[in-house]
Amino acid sequence: MVTNLLAQFSSTKPVRGNVAGVLPIDMDSRMELVSNEWVVMDKEPTWPTAVNELLLSIVQERVHMDNLLQRGIEPTKSALFVGPPGVGKTLAARWLSFKLGRPLVTMDLASVMSSYLGRTGNNIRAVIQYGQETPSVLLLDEFDAVAKRRGDDSEVGELKRLVTVLLQTIDRWPATGLLLAATNHPDLLDPAIWRRFDRIIEFPVPSREVIEPFIKGLFDADDTINSWGEWISILAIALGGSSFSDISRFVNNARRESVINERPILEVLESDVHSLLRHSDKALRLTVAQNLLQAGFSQRRVAQITSLARDTVRRHAINDAQERNE
Ligand SMILES: Nc1ncnc2c1ncn2[C@@H]1O[C@H](COP(=O)(O)OP(=O)(O)OP(=O)(O)O)[C@@H](O)[C@H]1O
Ligand SMILES: [Mg+2]
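Here's what I pulled together on the structure shown here. The shown structure was predicted, so the numbers you read here are calculated from the model rather than taken from an experiment. (Residues numbered from 1 in each chain as written. Chains lettered and ligands numbered in written order. Predicted model: local features only at pLDDT ≥ 70, side-chain atom pairs only at ≥ 80, totals over all residues. Heavy atoms only, no water.)

Section: the packing of helix α11 (residues 244–260) against helix α12 (residues 265–278)
What counts, and what does not: Between the N-to-C directions of two axes lies an angle of 0 to 180 degrees, each axis being a line fitted to C-alpha atoms and, for a helix, fitted only over the stretch in contact. Per the convention used, a helix needs a DSSP run of H or I reaching at least four residues, while a strand needs a run of E reaching at least two, with both numbered from the N terminus. Each angle receives one of four descriptions, namely roughly parallel if under 35 degrees, roughly antiparallel if over 145, roughly perpendicular if within 65 to 115, and oblique otherwise. By convention, the crossing between two helices is left-handed when the near helix turns anticlockwise from the far helix through less than a right angle, and right-handed when the turn is clockwise. The criterion used for residue contact is that any of the two residues' heavy atoms lie within 4.5 Å. Throughout, the ten residues Ala, Val, Leu, Ile, Met, Phe, Trp, Tyr, Cys and Pro are labelled nonpolar, Asp, Glu, Lys and Arg are labelled charged, and all others, Gly among them, are labelled polar.
Their axes nearest at 9 Å, the elements α11 and α12 cross at an angle of 130 degrees. Considered as vectors, α11 and α12 are oriented oblique to each other. Relative to α12, the crossing made by α11 is right-handed. Along the contact surface, α11 presents Phe250, Ala254, Arg255, Glu257 and Ser258, while α12 presents Ile265, Val268, Leu269, Asp272, Val273 and Leu276. Of the residues assigned to the contact of α11 with α12, the class counts are seven nonpolar, one polar and three charged.

Some remarks on the environment of Gln290
Stated precisely, the cut-off is as follows: When accessible area is computed with a 1.4 Å probe and restricted to protein chains, residues below 20% of their type maximum are described as buried, those above 50% as exposed, and intermediate ones as partly exposed.
With respect to the element layout, Gln290 can be found in helix α13 (residues 282–294). Judged by its relative accessible area of 23%, Gln290 is partly exposed. For the pair Gln290 and Ala317, spaced 27 residues apart in sequence, the C-alpha to C-alpha distance is 7.2 Å.

Brief notes about the site of ligand 1
Condition: Summary of the distance rule: residues count as near a molecule or strand when at least one heavy atom falls within 4 Å of that molecule or strand. For the purposes of these results, a polar contact is taken to be a pair of N or O atoms within 3.5 Å, where, inside protein, one atom must be able to donate a hydrogen and its partner to accept one; residues adjacent in sequence count only when each atom of the pair is a side-chain atom. Areas reported as accessible are Shrake-Rupley estimates using a 1.4 Å probe. Residue values count occlusion only from the protein chains shown.
For ligand 1, the set of nearby residues contains 15 residues, the closest of which are Gly86, Lys89, Thr90, Leu91 and Asn184. Within the backbone of Thr46, a nitrogen or oxygen atom sits 2.9 Å from a nitrogen atom of ligand 1. In the environment of ligand 1, an oxygen atom lies 3.1 Å from a nitrogen or oxygen atom belonging to the backbone of Gly88. If ligand 1 stood free it would expose 640 Å²; the protein chains cover 73% of that surface. Secondary structure elements with two or more residues in the shell around ligand 1: α3 (89–100) and α11. Top element by residues in the shell around ligand 1 is α3. It accounts for three residues. Its residues assigned to classes, the shell around ligand 1 comprises eight nonpolar, six polar and one charged.

What to know about the pattern of salt bridges
Going by this rule: The working definition used for a salt bridge is a side-chain nitrogen of Lys or Arg within 4 Å of a carboxyl oxygen of Asp or Glu.
For the structure on display, the rule yields ten salt bridges. Note that Arg94 is salt-bridged to Glu37, the shortest N-O span being 2.9 Å. With Arg94 in helix α3 and Glu37 in strand β1 (residues 35–37), this pair connects stretches of sequence that are 57 residues apart. Its relative accessible area of 24% is what places Arg94 among the partly exposed residues. Among the residues examined, Glu37 registers a relative accessible area of 32% and is labelled partly exposed. For Glu61, the salt bridge goes to Arg199, with nearest N and O atoms at 2.6 Å. Taken together, the positions of Glu61 in helix α1 (residues 49–63) and Arg199 in strand β6 (residues 199–202) put the pair 138 residues apart, joining distant regions of the chain. For Glu61, a relative accessible area of 16% puts it in the buried group. Among the ionic contacts, a cluster of salt bridges with common partners joins Glu257, Arg263 and Glu267.

Things to note about the layout of surface pockets
In plain terms, the rule: Cavities and pockets are found on a 1 Å grid laid over the protein atoms alone: a cavity is a set of points where a 1.4 Å probe fits but cannot escape, a pocket is an open set with protein on both sides within 12 Å along at least five of seven lines, and a lining residue has an atom within 4 Å of such a point. Grid points are joined across faces, edges and corners, and a volume is the space filled by probe spheres set on the points. How far each domain reaches was decided by an automatic or database domain assignment.
By volume, the largest pocket amounts to about 380 Å³. Sorting the residues of the lining of the largest pocket by element identifies α3, α9 (208–219) and α11 as the ones contributing at least two each. Split by residue class, the lining of the largest pocket holds ten nonpolar, five polar and four charged. Both domains that meet at the lining of the largest pocket, namely domain 1 (5–202) and domain 2 (208–325), each give it at least three residues.

All we've got here are geometric facts, nothing functional implied.
This is the structure we're talking about:
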């Protein structure tokens, strides 16, 4: 069970009920521009160490907010989450919102960028105002959508104004709130925007150490996993370099197949790993072989798992050993 740290602190205790006034809407379509949710999480995510430290410090600063403010220091008011798809950026925003006992207000910038930029600007301004007036965590998802927009000459002015609004928004965000932005394409963002955020958190693809507990977590009450032995490591190595989304899709497809075809889950996973590797290019299989060798698997076993010839694995092991001795 995950604890909601801040609920114990009276000054920051969440006020349930009506979160705020009316949600901002698009004037033409009458669609709501944001989603607003009280997040409840019953499972602790598995964060990479560096991400964990940064996220925890944002929470801790809120716990000690009165202390900080008394000394004239503001807690982190804004953070930019950067990383490839499916590595936990949105989940981290949900987690923070839960830990802080604040509703999560999300605006997906990609979906509010309408063809008429003037209207987009008004929509974004409305959401920002709503976020500032509501004690909440505001997430601007797909933050690069503004930067991606290639305006024609008539739009350049409006686009510039929009970026200026965003810059001022980050600068002036109230300490009572938390402004988060997430992007897969940090390279598209104006460096001036980058600099404005109090913190930049980079989400890496999960490492083997994170993948193992993540896979175990996907099996929850299913204790067959305890008898998997070496297979949990093999899976974590074979799925190295994949995002959390890809890993959970892989595992959940196997679970479905196991139920429908009444086959033991481990048997399905084994054959899925074999098939995944058989259909991967040789360079990837060699990397997996190398990682398996480094994890202590025998050459025979590595050849079996990766469908590489024994000789290839042996040569690889020798090269690897030589490189390490050099
Ligand atoms: N650290 C983690 N621990 C457990 N599950 C995770 C973790 N990170 C991501 N997941 C799971 O992986 C999936 C994708 O995560 P999320 O939506 O947060 O990715 P994202 O980085 O926001 O991707 P995108 O850039 O595509 O929006 C979700 O189902 C989420 O629950
Ligand atoms: Mg996301």
